[in-house]
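# Observations on chain architecture
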Amino acid sequence: MRTSTNTGARRTARAALAVLALTLAAACGSGGDGDGRGGDGDKGPTPPKTATGTLEQLAEKAECKPNIQTDAAELRQANCTTGDGKWVLATFATDRGQREWINEANDYGGSYLVGRKWVAVGEAKVVTALRGRLGGTVETGSQHHSGSSGGSGGSEEGHSGHHGS
């Protein structure tokens, strides 16, 4: 077992999560412009088979020119902007690395489009539109705010996020 490799991978993943958190904060603050793309509330057509490939191949399928932010062996991450909005695309070397990243990112909230060894993160309407191009499964992170010191959770039990490992 090589702890230095695991430590390096975790540092890279944490740095990528910090970038993701800032991106999500900016995206959530931008407000919706209601361009009518994607389905607000309706399920829409059946998504295509889940896409596979490199970060660049996935970005091309999503009609995005990726702006690479993290380029490491275990994680590659890029910012994308399409007609649907801004979002983040991340690819992973392993399924386990992807799941660990999603589990940590879950606490930041947001919507995630999940495929095999890749994740697209953005506002719900953007993720819905991307699903029409990339397939995948939509997951929604818990909406926790760092400013609340809510103690044991009490009345916050009704949110739709999921917990666990």
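The residue numbers shown here count from 1 along each chain, following its written sequence. Local features in this predicted model are restricted to residues of pLDDT 70 or higher, and side-chain atom pairs are both shown and tallied only at a pLDDT of 80 or more, whereas totals for entire chains, interfaces and linings draw on every residue. Excluded from the side-chain calculations are hydrogens and water; all other atoms, namely the structure's heavy atoms, are used.

## Some remarks on the state of the cysteines
The disulfide criterion is simple: two cysteine sulfur atoms within 2.5 Å. Considering all chains together, one arrives at 1 disulfide under this definition. Between the sulfur atoms of Cys64 and its disulfide partner Cys80 the distance amounts to 2.1 Å. Judged by the torsion about the S-S bond (-80°), the Cys64/Cys80 disulfide is left-handed. One end of the pair, Cys64, is in the loop between α2 (55-61) and β1 (67-71); the other, Cys80, is in strand β2 (residues 75-82), with 16 residues separating them in the sequence. Per residue, the accessibility class of Cys64 equals that of Cys80, and both read buried. The secondary structure listing takes helices from DSSP runs of H or I that are at least 4 residues long and strands from runs of E that are at least 2 residues long, numbered from the N terminus. Each residue's exposure class comes from its accessible area (1.4 Å probe, protein chains only) as a fraction of the maximum for that residue type: buried when under 20%, exposed when over 50%, partly exposed otherwise.

## Considerations on the side chain of Asp84
Relative to the elements of secondary structure, Asp84 occurs in the loop between β2 and β3 (85-92). Pairs of N or O atoms are called polar contacts if they sit within 3.5 Å, as long as, within protein, a hydrogen donor faces a hydrogen acceptor (for residues adjacent in sequence, only side-chain-to-side-chain pairs). At a separation of 2.6 Å, a polar atom in the side chain of Asp84 contacts the side chain of Arg133.

## Section: the pairing of strand β5 (residues 118-122)
Counting buried positions along β5 yields 5 of 5 residues, so the element is predominantly enclosed. Of the two faces of β5, the one holding Trp118, Ala120 and Gly122 and the one holding Val119 and Val121 are both buried throughout. Here a strand pair is declared whenever DSSP counts at least two bridges between the two strands. In this structure, β3 lies alongside β5, joined through 5 bridges in antiparallel fashion. Pairing of Val88 across the sheet is with Val121, part of β5. Here strand β4 (residues 111-115) runs beside β5; their pairing, made up of 5 bridges, is antiparallel. Within the sheet, the bridge partner assigned to Gly115 lies in β5 and is Trp118.

## Remarks on the pairing of β3
In terms of residue burial, β3 counts as a mostly covered element, since 6 of its 8 residues are buried. As defined by bridge partners, β2 adjoins β3 across 8 bridges and the pair is classed as antiparallel. Paired with Thr82 across the two strands is Gly85, which belongs to β3. Joining the antiparallel neighbours β2 and β3 is a turn of 2 residues.

## Focus on the environment of Glu104
Within the secondary structure layout, Glu104 lies in helix α3 (residues 95-105). Note on Glu104: relative accessible area 30%, which makes it partly exposed. For the pair Glu104 and Gly141, spaced 37 residues apart in the sequence, the C-alpha separation amounts to 9.7 Å.

## Let's talk about unusual backbone geometry
Phi at Glu63 is positive, roughly 65°, even though this residue is not glycine. For Glu63, a relative accessible area of 56% corresponds to the exposed category.

## Some points on the nonpolar core
Grouped together as the largest cluster of nonpolar side chains are 17 residues, with contacts concentrated most on Trp87, Leu89, Leu113, Trp118, Ala120, Leu130 and Leu134. For this core, the secondary-structure elements that each account for two or more residues are α2, β2, β3, β5 and α4 (124-134). At 4 residues, α4 tops the list of elements feeding residues into this core. Sequence-distant contacts of Ala120, defined by excluding residues within four places in its chain, comprise Trp87, Val88, Leu89, Ser111, Tyr112, Leu113, Val127 and Leu130. Listed in part, the 11 residues of the second largest apolar core include Leu75, Phe92, Ile102 and Ala105. In this text, buried Ala, Val, Leu, Ile, Met, Phe, Trp, Tyr and Cys residues form a nonpolar core when linked through side-chain atoms within 4.5 Å. Whether two residues are in contact is decided by their heavy atoms: any pair within 4.5 Å suffices.

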